[in-house]
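# Structural features, examined
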Amino acid sequence: QVQLAESGGGLVQAGGSLRLSCVASGLTFPYYTMAWVRQAPGKERECVASLRGSDGNTNYQDSVKGRFTMSRANAENIVYLQMNNLQPEDTAVYYCALDPMSYLRTEPAYWGQGTQVTVSS
């Protein structure tokens, strides 16, 4: 039913910017929350940003506050993650995730394939 497709990852120098996009299809739920979750080698998964479908309210991990911004298109089938002032510690695979809930569970129901973000010094 639900499919998520990320794009926009790549290689960038420290201080640079990237914008990730996630196209969602098959959304038939009355409530949902979307999120960007990253995982670096040897590290636990970390939800860096989430967006509540009902009102667009966003939350951010402390480590990215002021640098990352999550938003969605008016059609509500595309979400973005604008990443500014990227640092090497931001290097990770970034996944788009969706949960058919008004909050994000520890293990969201749906995941994209991930897009690699690499930040060099």
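Up top is the structure.
How each quantity is defined
- Residues numbered from 1 in each chain as written.
- Predicted model: local features only at pLDDT ≥ 70, side-chain atom pairs only at ≥ 80, totals over all residues.
- Heavy atoms only, no water.
- Salt bridge = Lys/Arg side-chain N within 4 Å of Asp/Glu carboxyl O.
- Buried < 20%, exposed > 50% of the residue type's maximum accessible area, 1.4 Å probe, protein only.
- Helix = DSSP H or I, 4+ residues; strand = E, 2+ residues; numbered from the N terminus.
- Phe/Tyr/Trp six-rings, centres within 6.5 Å; stacked < 30°, edge-to-face > 60°.
- Contact = heavy atoms within 4.5 Å.
- Pairing = 2+ DSSP bridges.
- Axes fitted to C-alpha atoms, helices over the stretch in contact; angles between N-to-C directions.

### Details of the pattern of salt bridges
Applying the stated criterion across every chain, the model contains 7 salt bridges. For Arg 38, the salt bridge is made with Glu 46, and the minimal N-O distance between the two is 2.8 Å. Overall, the relative accessible area of 23% leaves Glu 46 in the partly exposed class. Arg 45 serves as the salt-bridge partner of Glu 107, at 2.6 Å between the closest nitrogen and oxygen. Placement of the pair is Glu 107 in the loop between strand 9 (92–99) and strand 10 (110–111) and Arg 45 in the loop between strand 4 (33–39) and strand 5 (46–52), with a sequence separation of 62 residues. With a relative accessible area of 37%, Arg 45 lands in the partly exposed category.

### Quick notes on the packing of aromatic side chains
Two measures describe an aromatic ring pair: the distance that separates the ring centres and the angle between the ring planes. All told, the structure shown has 2 aromatic pairs when counted by the stated rule. Between Tyr 95 and Trp 111, the aromatic rings sit 6.0 Å apart at their centres with planes inclined by 85°, giving edge-to-face as the arrangement. Of this pair, Tyr 95 sits in strand 9 while Trp 111 sits in strand 10, and the two are 16 residues apart along the sequence. On the basis of relative accessibility, which here comes to 22%, the residue Tyr 95 falls in the partly exposed class. Trp 111 sits in the partly exposed class, given a relative accessible area of 27%.

### Quick notes on the environment of Phe 68
Along the chain, the position of Phe 68 falls in strand 7 (residues 68–72). Through-space distance from the C-alpha of Phe 68 to that of Leu 81 is 6.6 Å; in sequence the pair is 13 residues apart. Once residues within four sequence positions are removed from consideration, Phe 68 is found in contact with Arg 38, Val 48, Tyr 60, Leu 81, Gln 82, Met 83, Asn 84, Leu 86, Asp 90 and Tyr 94.

### Let's talk about the environment of Ala 92
Here Ala 92 is to be found in strand 9. Given the relative accessible area of 2%, Ala 92 is considered buried. Residues Ala 92 and Pro 41 lie 51 residues apart in sequence; the distance between their C-alpha atoms is 7.3 Å. Setting aside residues no more than four positions away along its own chain, Ala 92 makes contact with Arg 38, Gln 39, Ala 40, Thr 115, Gln 116 and Val 117.

### Focus: the sheet that holds strand 8 (residues 78–83)
Read from one edge of the open sheet, 4 strands run 1-3-8-7, paired in antiparallel fashion. A single partner strand is all that each edge strand has here, and the edge strands are strand 1 (3–7) and strand 7. Across the sheet, the mean angle from the axis of one strand to that of its neighbour is 15°, orientation sign disregarded. In this sheet, strand 8 lies alongside strand 7 in antiparallel orientation, the contact comprising 5 bridges. Within strand 8, the residue paired with Ser 71 across the bridge is Tyr 80.

By themselves, these figures tell us nothing about what the structure is for.
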